Amino acid sequence: MSRTKIGVLISGRGSNLQALIAACANPDFPAEIALVVSNKPDAGGLEYAAEAGIETTVIEHDGYHDRESFDREIDVTLKAAEIELVCLAGFMRLLSGWFVETWRDRVLNIHPSLLPAFKGIDAHDQAIAAGVRISGCTVHIVRPEMDTGPVLVQAAVPVMPDDNKTSLAARILEAEHRCYPHAVRLLAEGRIEIVGERAVLNTDTTAPSALIHPATDG
Ligand code: GRF
């Protein structure tokens, strides 16, 4: 079985990266992490990657005069590692339209709310302020506008009356760690088809992947 090569982009702690590393350690998992890229040299996730023997690289955005030149450097780095699928895991940079279109349907993100509710960096605070009883997490295909794109996997998580941002974030994070590997598996097994802006689950597990194919130059 050839495994889909993933590149994981991080900026910090890296607990979702850790969940993906754990999933990929199973020989039956249809993907492997070939590269971890961080835009922060002190991102904790870099250590998890190094411990797992995964190649890492730091590309600091400060050195680039605009968003697209930074993204072009990431693009070159991913292509050099023959990456087929990009997973954003706490990557705190909005990617340019150019990058998202170059990697169309091959960039995933995880967000700590049930999208399209509560987009942005303060999703937990927004959920608490709104008084919702249920929040959760979403793994989706990335489109240029922040926290939008076809939904692949979601999990619902209760919001308790005495929750604060920290307690809610911790509960949602547990769900995130289950959802991300699941979404990667669905894509790598070729079970997702994008119809309009919906990700439709294909139940024919013998179908070749419609989404995972090498990046084209552009
Ligand atoms: C997660 O809550 C994820 O949903 C959000 O950023 C956080 C990253 O956490 N996009 P970690 O670095 O994976 O631990």
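Rules and cut-offs
- Residues numbered from 1 in each chain as written.
- Predicted model: local features only at pLDDT ≥ 70, side-chain atom pairs only at ≥ 80, totals over all residues.
- Heavy atoms only, no water.
- Domains from an automatic or database assignment.
- Contact = heavy atoms within 4.5 Å.
- Buried area = accessible area lost by both parts, 1.4 Å probe.
- Salt bridge = Lys/Arg side-chain N within 4 Å of Asp/Glu carboxyl O.
- Polar contact = N/O pair within 3.5 Å; in protein donor to acceptor, adjacent residues only side chain to side chain.
- Helix = DSSP H or I, 4+ residues; strand = E, 2+ residues; numbered from the N terminus.
- Nonpolar A, V, L, I, M, F, W, Y, C, P; charged D, E, K, R; others polar.
- Near = heavy atom within 4 Å.
- Axes fitted to C-alpha atoms, helices over the stretch in contact; angles between N-to-C directions.
- Parallel < 35°, antiparallel > 145°, perpendicular 65-115°, else oblique.
- Left-handed = near helix turned anticlockwise from the far one by under 90°.
- Core = buried A, V, L, I, M, F, W, Y, C linked by side-chain atoms within 4.5 Å.
- Buried < 20%, exposed > 50% of the residue type's maximum accessible area, 1.4 Å probe, protein only.

### Some points on the domain arrangement of the protein chain
Assigned domains within the protein chain: domain 1 (1–103) and domain 2 (110–218). Spacing between the C-alpha centres of domain 1 and domain 2 amounts to 17 Å. On the side of domain 2, 21 residues touch domain 1, which itself brings 28 residues to the contact. Roughly 2,000 Å² of surface becomes buried between domain 1 and domain 2 when both sides are summed, with 68% attributable to carbon and sulfur atoms. There are zero salt bridges connecting domain 1 and domain 2. Remark: the boundary between domain 1 and domain 2 carries three residue pairs in polar contact (both at pLDDT 80 or more). When contributions to the side of domain 1 that touches domain 2 are tallied by element, the ones reaching two or more residues are strand E1 (4–10), helix H1 (15–24), helix H3 (67–80), strand E4 (85–88) and helix H4 (97–102). When grouped by side-chain class, the residues that make up the side of domain 1 that touches domain 2 number 17 nonpolar, five polar and six charged.

### Here we look at the site of the ligand
Neighbouring the ligand are the residues Arg13, Gly14, Ser15, Asn16, Gly90, Ile110, His111, Pro112 and Glu176. Contact distances for the ligand include 2.6 Å between an oxygen atom and a side-chain N or O atom of Arg13. Within the side chain of Glu176, a nitrogen or oxygen atom sits 2.7 Å from an oxygen atom of the ligand. Mapped onto the shell around the ligand, the elements with two or more residues apiece are H1 and strand E5 (107–111).

### Some thoughts on the environment of Tyr64
With respect to the helices, strands and loops of the structure, Tyr64 is situated in the loop between strand E3 (56–58) and H3. When sequence neighbours within four positions are dropped, the list of residues in contact with Tyr64 reads Ile59, Ser69, Phe70 and Glu73.

### Some remarks on the packing of H1 against helix H6 (residues 165–188)
Remark: H1 packs on H6, axes separated minimally by 9 Å, with the N-to-C direction vectors making an angle of 45 degrees. Considering the angle they form, H1 stands oblique to H6. In this structure, H1 crosses over H6, and the sense of that crossing is right-handed. Judged by residue contacts, Ser15, Asn16, Ala19, Leu20 and Ala23 of H1 engage Leu173, Glu176, His177, Tyr180, Pro181 and Val184 from H6. Taken together, the residues of the contact of H1 with H6 sort by class into seven nonpolar, three polar and one charged.

### Focus: the nonpolar core
Of all hydrophobic cores here, the largest spans 43 residues; its most connected members are Val8, Ile33, Leu108 and Val184. With 10 residues, the top contributor of residues to this core is H6. Lining this core are residues from two domains, each supplying at least three of them: domain 1 (1–103) and domain 2 (110–218). Once residues lying within four places of it in the same chain are set aside, the contact partners of Val8 are Leu17, Leu20, Ile33, Leu35, Val36, Val37, Cys87 and Ala89. The next biggest cluster of nonpolar side chains, apart from the first, holds 19 residues, and it includes Leu78, Ile83, Phe99 and Val107.

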